[in-house]
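Remarks on the overall topology
Here are the chains, one letter per residue:
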Amino acid sequence: MGVRVEIADTLQQALRLLAESEPPVRLLAGGTDLLVQWRRDPPDSGTVIVLGHIPELQVIEARPEGIYIGSGATHAALRDSALLKAKVPAIVTAASGVGGRQIQSTGTIGGNIANASPAADLAPPLLIADAQVVLQSVRGERKVPLDTFYRGYREIDLREGEMIVGFLVRPLEPGGVEFFRKLGMRSAHAIAKVSVAMRLVLEGRKVCRARIALGSLAEVPLRAEEAEKWLEGRELSRETIQEIGERVRAVVRPIDDIRSTARYRRWVAGNLVRGFVESLAAGD
Amino acid sequence: MVTVTRRGYIGLPVERTDAIEKAQGKAQYVDDLRRPDMWYGAVVRSPVSHGFIEGLDRDPDFDWSRVVLVTPEDIPGRNVVESLVHDMPFLASQEVRYRGEPVALVAAPTREAARAAAAAVKPRIRAAPSLTVPDDVVRIYKEGGELEYLWRQDIRKGDIERGFREAEIVVEREYRTGYAEQLYLEPQGMIAVPQEDGGVLIEGSMQCPYYVHPELCALLNLPPEKVRVRQTVVGGAFGGKEDFPSLIAGYCALLALKSGRAVKMVFDREEDILFTTKRHPSWVRHRTGLTRDGRITGWQVDFLLIGGAYATLSPVVLARGIIHATIGYRCDNVLIEGRVVRTHMPPSGAFRGFGAPQAFWALESHVDELAEACGMRPDEFRLRNAYRGGDTMATGQKVPEEYGGPAVLRKALEQSRFEARFAHCSRGSTLTDRWYGIGLAYFCHGAGFTGDGEARIKARAAVELAGGGEGGPLVVIRASSTEMGQGAQTVLRQIVAEALGVPIESVSYPLPDTALVPDSGPTVASRTTMVVGAVLYDAAVAMKKALEGFVSQQFFDGADCVLEEAVFRSGSGQAVDFERAVQDYLRTAERQQRFEAVFSLPPGSQWDQENFRGDAYPDYSWACYVAEVEVERATLAIRPIRVTAVLDIGRVVNPVLAEGQVEGGLVQGLGYAMMEKVGVRDGLFEADRLQTYIVPGVLDIPEIRITFLEFPYRYSGPGAKGLGELPLNGVAPAIGNALKHAVGRRIHDLPLTPEKLFRAIEERLVEQ
Ligand SMILES: Cc1cc2nc3c(=O)[nH]c(=O)nc-3n(C[C@H](O)[C@H](O)[C@H](O)COP(=O)(O)OP(=O)(O)OC[C@H]3O[C@@H](n4cnc5c(N)ncnc54)[C@H](O)[C@@H]3O)c2cc1C
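Remember, it's a predicted structure, so these values are computed and weren't measured experimentally.

Residue and element names in this part refer to chain A. Neighbouring residues of the ligand: 30 residues in total, closest Leu27, Gly30, Thr32, His75 and Thr108. For the ligand, an oxygen atom lies 2.8 Å from a polar atom in the backbone of Ala29. A distance of 2.8 Å separates an oxygen atom of the ligand from a polar backbone atom of Leu34. Mapped onto the shell around the ligand, the elements with two or more residues apiece are strand 2 (25-28), helix 2 (34-40), helix 7 (109-114) and strand 10 (163-169). It is helix 7 that contributes the most residues to the shell around the ligand, three residues altogether. Broken down by class, the residue content of the shell around the ligand amounts to 14 nonpolar, 13 polar and three charged.

What follows covers the pattern of salt bridges. Evaluation of the coordinates by the stated rule reveals 91 salt bridges over all chains. Across the salt bridge formed by A:Asp257 and A:Arg265, the nearest N and O atoms sit 3.1 Å from each other. By relative accessible area, which is 33% here, A:Asp257 ends up partly exposed. Close ionic contact of B:Arg16 with B:Asp18 constitutes a salt bridge, the shortest N to O distance being 2.9 Å. Residue class for B:Arg16 comes out partly exposed when judged on its relative accessible area of 23%. By relative accessible area, B:Asp18 is classed as buried at 1%. Connected through shared salt-bridge partners, A:Asp130, A:Asp147, A:Arg170, A:Glu173, A:Glu178, A:Arg199, A:Arg209, A:Arg211, A:Arg223, A:Glu228 and A:Glu232 make up one network.

Along its sequence, chain A is carved into domain 1 (4-50), domain 2 (55-169) and domain 3 (176-281). Centre-to-centre separation of domain 1 of chain A and domain 3 of chain A, based on C-alpha positions: 36 Å.

Turning our eyes to something else, we now look at the packing of aromatic side chains. For any pair of aromatic rings, the description rests on two quantities: the centre-to-centre distance and the angle between the ring planes. Under the criterion given, the structure shown has 25 aromatic pairs over all chains. Between the aromatic rings of A:Tyr264 and B:Phe758, the centroid separation amounts to 6.0 Å while the plane-to-plane angle is 70°, which identifies the pairing as edge-to-face. One end of the pair, A:Tyr264, is in helix 12 (residues 262-281); the other, B:Phe758, is in helix 20 (residues 754-767), on a second chain. Members of the aromatic cluster, joined through ring pairs, are B:Trp299, B:Tyr329, B:Tyr387, B:Tyr403, B:Tyr442, B:Tyr617, B:Tyr620 and B:Trp622. Here B:Arg279 stacks its cationic end above the ring of B:Tyr672, 4.9 Å away from the centre of that ring.

Before going further, it helps to examine the interface of chain B and chain A. Counting residues at the interface gives 26 residues for chain B and 20 residues for chain A. For the pair chain B and chain A, the summed buried surface comes to about 2000 Å²; carbon and sulfur atoms form 52% of the total. Broken down residue by residue, the surface that chain B buries against chain A is led by B:Thr635, B:Glu755 and B:Phe758, which jointly contribute 26%. Summed over the shared surface of chain B and chain A, the result is six salt bridges. We note a salt bridge from A:Lys193 to B:Glu755, for which the minimum N-O separation is 3.1 Å.

Turning to empty space enclosed by the protein, a few remarks are in order. All names here are of chain B. In the structure shown here, the tally under the stated rule is three cavities of 30 Å³ or more. In this structure, the largest cavity spans a volume of roughly 90 Å³. Taken together, Val81, Met88, Tyr98, Asp243, Phe244, Leu247, Phe275, Thr276, Thr277, Thr312, Pro346 and Pro347 make up the full set of residues lining the largest cavity. The residue makeup of the lining of the largest cavity includes at least three contributed by each of domain 2 (33-129 + 182-275) and domain 3 (282-451 + 609-767). Lining the second largest cavity, in full, are Lys157, Trp299, Thr326, Tyr329, Arg330, Cys331, Val334, Tyr387, Thr392, Met393 and Ala394.

Residue and element names in this part refer to chain A. Spatially, 4-5-10-6-7 is the arrangement adopted by the five strands of the open sheet, whose pairing is antiparallel. A strand with exactly one partner marks an edge of an open sheet, and here the two such strands are strand 4 (60-63) and strand 7 (140-145). Direction aside, the axes of adjacent strands within the sheet are offset by 25° on average. Sheet analysis places strand 6 (residues 132-137) next to strand 10, joined by five bridges and oriented antiparallel.

This part covers the environment of B:Ile438. Residues and elements named next belong to chain B. One can find Ile438 in strand 16 (residues 434-447). The buried category is assigned to Ile438, whose relative accessible area is 0%. Separated by 159 residues in sequence, Ile438 and Ala597 place their C-alpha atoms 47 Å apart. Apart from residues no more than four positions distant in its own chain, Ile438 is found in contact with Ser416, Phe418, Arg421, Phe422, Cys425, Val626, Ala627, Glu628, Asn737, Ala738 and His741.

Another point: the domain arrangement of chain B. All names here are of chain B. For chain B, the domain assignment lists domain 1 (19-26 + 459-598), domain 2 (33-129 + 182-275) and domain 3 (282-451 + 609-767). If you average the C-alpha positions of domain 1 and of domain 2, the two centres end up 37 Å apart. Contacts between domain 1 and domain 2 engage 18 residues on the former and 19 residues on the latter. Of the roughly 1400 Å² buried where domain 1 meets domain 2, counting both sides, 58% is carbon and sulfur surface. Three residues stand out in domain 1 for area buried against domain 2, namely Met484, Leu511 and Thr514, and they jointly supply 37% of the buried area on that side. At the boundary of domain 1 with domain 2, the tally comes to two salt bridges.

On to the nonpolar core. A:Leu200, B:Tyr625 and B:Leu647 are the most contacted members of the largest nonpolar core, which has 173 residues in total. Looking at this core element by element, the count peaks at ten residues for helix 12 of chain A. For B:Leu647, the contacting residues outside a window of four places in its chain are B:Val408, B:Trp622, B:Ala623, B:Tyr625, B:Val662, B:Ile706, B:Thr707, B:Phe708, B:Leu709 and B:Leu726. Counting residues in hydrophobic clusters, the runner-up holds 54 residues, among them B:Ala459, B:Ala566, B:Ala597 and B:Leu657.

For the rest of this paragraph, the subject is the side chain of A:Arg186. Inspection of the secondary structure puts A:Arg186 in the loop between strand 11 (176-183) and strand 12 (194-203). A distance of 3.2 Å separates a polar side-chain atom of A:Arg186 from the backbone oxygen of A:Ala188. If we skip the residues at most four places from it in the chain, A:Arg186 touches B:Met675, B:Leu690, B:Ile694, B:Val695, B:Gly697 and B:Asp700.

Residue and element names in this part refer to chain B. For the coordinates displayed, the defined rule picks out zero disulfides over all chains. Counting only cysteine sulfurs, Cys208 is the nearest neighbor of Cys217, a cysteine outside any disulfide, at a range of 16 Å. For Cys217, a relative accessible area of 12% corresponds to the buried category. Summary of cysteine pairing: Cys252 is not part of a disulfide, and the nearest cysteine sulfur, belonging to Cys217, is at 16 Å.

Rules and cut-offs
Residues numbered from 1 in each chain as written. Chains lettered and ligands numbered in written order. Predicted model: local features only at pLDDT ≥ 70, side-chain atom pairs only at ≥ 80, totals over all residues. Heavy atoms only, no water. Near = heavy atom within 4 Å. Polar contact = N/O pair within 3.5 Å; in protein donor to acceptor, adjacent residues only side chain to side chain. Helix = DSSP H or I, 4+ residues; strand = E, 2+ residues; numbered from the N terminus. Nonpolar A, V, L, I, M, F, W, Y, C, P; charged D, E, K, R; others polar. Salt bridge = Lys/Arg side-chain N within 4 Å of Asp/Glu carboxyl O. Buried < 20%, exposed > 50% of the residue type's maximum accessible area, 1.4 Å probe, protein only. Domains from an automatic or database assignment. Phe/Tyr/Trp six-rings, centres within 6.5 Å; stacked < 30°, edge-to-face > 60°. Lys NZ or Arg CZ within 6 Å of the ring centre and 35° of its normal. Contact = heavy atoms within 4.5 Å. Buried area = accessible area lost by both parts, 1.4 Å probe. 1 Å grid on protein atoms, 1.4 Å probe; cavity = no way out; pocket = protein on both sides within 12 Å on 5 of 7 lines; lining within 4 Å. Points joined across faces, edges and corners; volume = space filled by probe spheres on them. Pairing = 2+ DSSP bridges. Axes fitted to C-alpha atoms, helices over the stretch in contact; angles between N-to-C directions. Core = buried A, V, L, I, M, F, W, Y, C linked by side-chain atoms within 4.5 Å. Disulfide = S-S within 2.5 Å.

So, in structure tokens, the structure goes:
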């Protein structure tokens, strides 16, 4: 036996290979997650399809239905994109904090999401931008909202023969502001022990729309929908600031692990959310 | 800032001898080396933490035709690591005492085949109860439960009862530290090559060729001349390659002799972290009596180290730990009780600092608490209680009239503007989102071996004249001290060049080979520059005298001459070039080519090993660190912003390398202080890779300001004292003290993480 490695040059070719190759078939984008896993547990049969040479997957552009980010866009491409910086700045902040420069040059947004880690740095900023996951197979295309794409711990709604081709995200509305912050065990090259992304659309001091997403605080990247609903329509008052942290703490489901403790994670998630709201109230 | 005195090559920032070959990737590490027909070795390990071996089963479906298996019965000599206490077998034959303990060895043509073969050998073991988790040990100890001790040692001075009778205040606290991994870049590795005479050649990554050599003679039942040990380029060690290489060398040698082929074994990162030595976890209780005006009347210390399955180096780690347990501060009545507990984990071992970082975490945290208890600032309290000339330490060693301690303390306080900044510490104020704190640690490191160690080793080293020619060296250093990235090759060449009066390019220092070099003692204990440097200096001076005598006869009709800057000059202005003189000198074979010298302790040194009384070290290096930290209130993220470091390491031989050692030690200490954490789960170290064993990265490093004050070692030519370990010793307490003054709450166990801080102040935070 052995593993067959196929290098796809076009999306169509990749999809065909995905449908027809000797199973198990694995997709390799930047390989920064996969190669680490393979070091301990190398594959010994089936096919590996290399996605890194497919131009269609690397597109980042504004489309009528939203901003489109190809699944093969590297963290470096996200980090350096003027379009994203203007329209979905939290993605840029998150991408700039992934691993170190080497990982950013290689790792992709698609791999980050498909790896299905609750700590994936790109998940919270995508969630606050109402991201849709664009999936394709030889049978056709499907779009799934990212918050329902996550099914459970390390489980995603990716069907046999399908791959992620990109993400459609909602650009920042007028009056909108975004925030992303990750806490790791050191300043760089650190997996998030807590991450928080927020998008608030303000009219004066009133919150019209709120999105709050959290990483490493549950078995999946989480949207704090109850807290969002509670916040929408409220003034940025002292009471709001006091309360929002508690609302967020009420929805998270953190655990104790080698990186952190559940109690700390819950507390700090509330603080980060509250701190951002407070900074907006203070007008900075 | 570096203010060092220069004396020719001593004090000169000479470029590192090994810099270019390493930067260009040309250096050959053991894993780069291939030998003809070489096989790979792998270790069969115990699957349980404790148990009794009933047999080894070989998977009948595995193809054993190209595998060599070594079991304890194959050992020709003694199946025991001689080290200090003869208790650790190379291969467990009856009882296994930790999970992963080697029980058999295999070799096969490829690394993969060797691993597969190792996995196909199944030890049958009757499991027995085990003790693995450090917290359990501490709990049992405090409850007065039963524990097995690998070693005990006490230090007594004065009358402890009286010390507490005189006390007006008594402060009692406990301090803890955990396992830590050396994390040298290059993992452990060796090659053994069988020799035609039935002997064996060992090449590999090690700190101490003369530790490996006698162990292999005993293991293989070979006479000394049939075992040859050669160091290859070493990619970091930090103590982790002090004693462990004897094991892996033994494994390769057993496999090589049985298979008749060269056998290589190089651990991967996981195997290296899981099954090689770690820093001893510690639990230290200080109970201290004080007068209200801040004088220490009595000092009782309970010093517990967790040693793992076998004693190995634990007795000497404990020795260093207890000697440093109260060091620096005057007190007439001291009782220090040291213990090493046996558990069912891999043996704890050497790691930069060797018991001292644990001692100083406790001591320097505690001294801050003592200052507070009597209402003094931490700097005031230290200045009041620091040894003065003529005082005695806990061992009774007399403090010299002039020494570096008070000077580094004052200088660091002044440079960091400690007093003014201390007044601005946040102490958990709710008025600010960023808490600021400043803290200090005042500490030292006994240079060289503990007690009579140096007297027993009698370190020897030599300089040899060589022919030069084609740019070859004229002088070759023969010493067993190893370069492992710390700069030994460079500074020892500087010392010899200086003593001789020749350019450094004429002096070479090849990697040691036991067939060619005398035993200069191991490359440990911050002793190389101080001790081996002193010996080489003397040897070079003897060589210089001999050459000057020769030149004066041969060229100057008996007129006296001096060798300086590679030229022999007589009083009347005649001159002969060094190279020419050496070539002439070597023309007659019977002339002395090799000049050897031996280390001796300062005159009058005394040591009572049983009672730990006397001169614990030939001298001490001193340092004071002042750390400043910032804590973000919303996340409790702790950021060290600046460290002011003032150190007395005696004469600074190479200021750039010395600064590098301080920076490296500081950053390594920062990891120990704030990040590094090896839990124990199911008898294994939990963080077994770089993804989970977190060490600082470049962005975590604060501003570091370094100053050296020179109080030279008085009994050697170069005047250097120890530097290697000192820089790590005081980092954690300096950060811990700064953190205390930032948040208003002290953490007593390492590492200092936001999570721990949160647990400590949770109630207060939730109220806010
Ligand atoms: C040193 C280091 C540091 C790191 N730091 C961070 C960090 O700070 N934050 C963080 O979030 N992650 C971090 N990572 C993890 C990793 O780099 C990222 O998750 C990265 O985005 C993965 O992308 P990739 O292209 O390399 O994925 P790959 O390894 O190629 O693939 C990952 C998974 O996704 C699947 N996959 C890839 N592309 C597709 C696709 N188009 N459709 C369907 N499935 C696909 C693969 O089959 C595989 O299962 C780090 C990794 C390393 C080694």
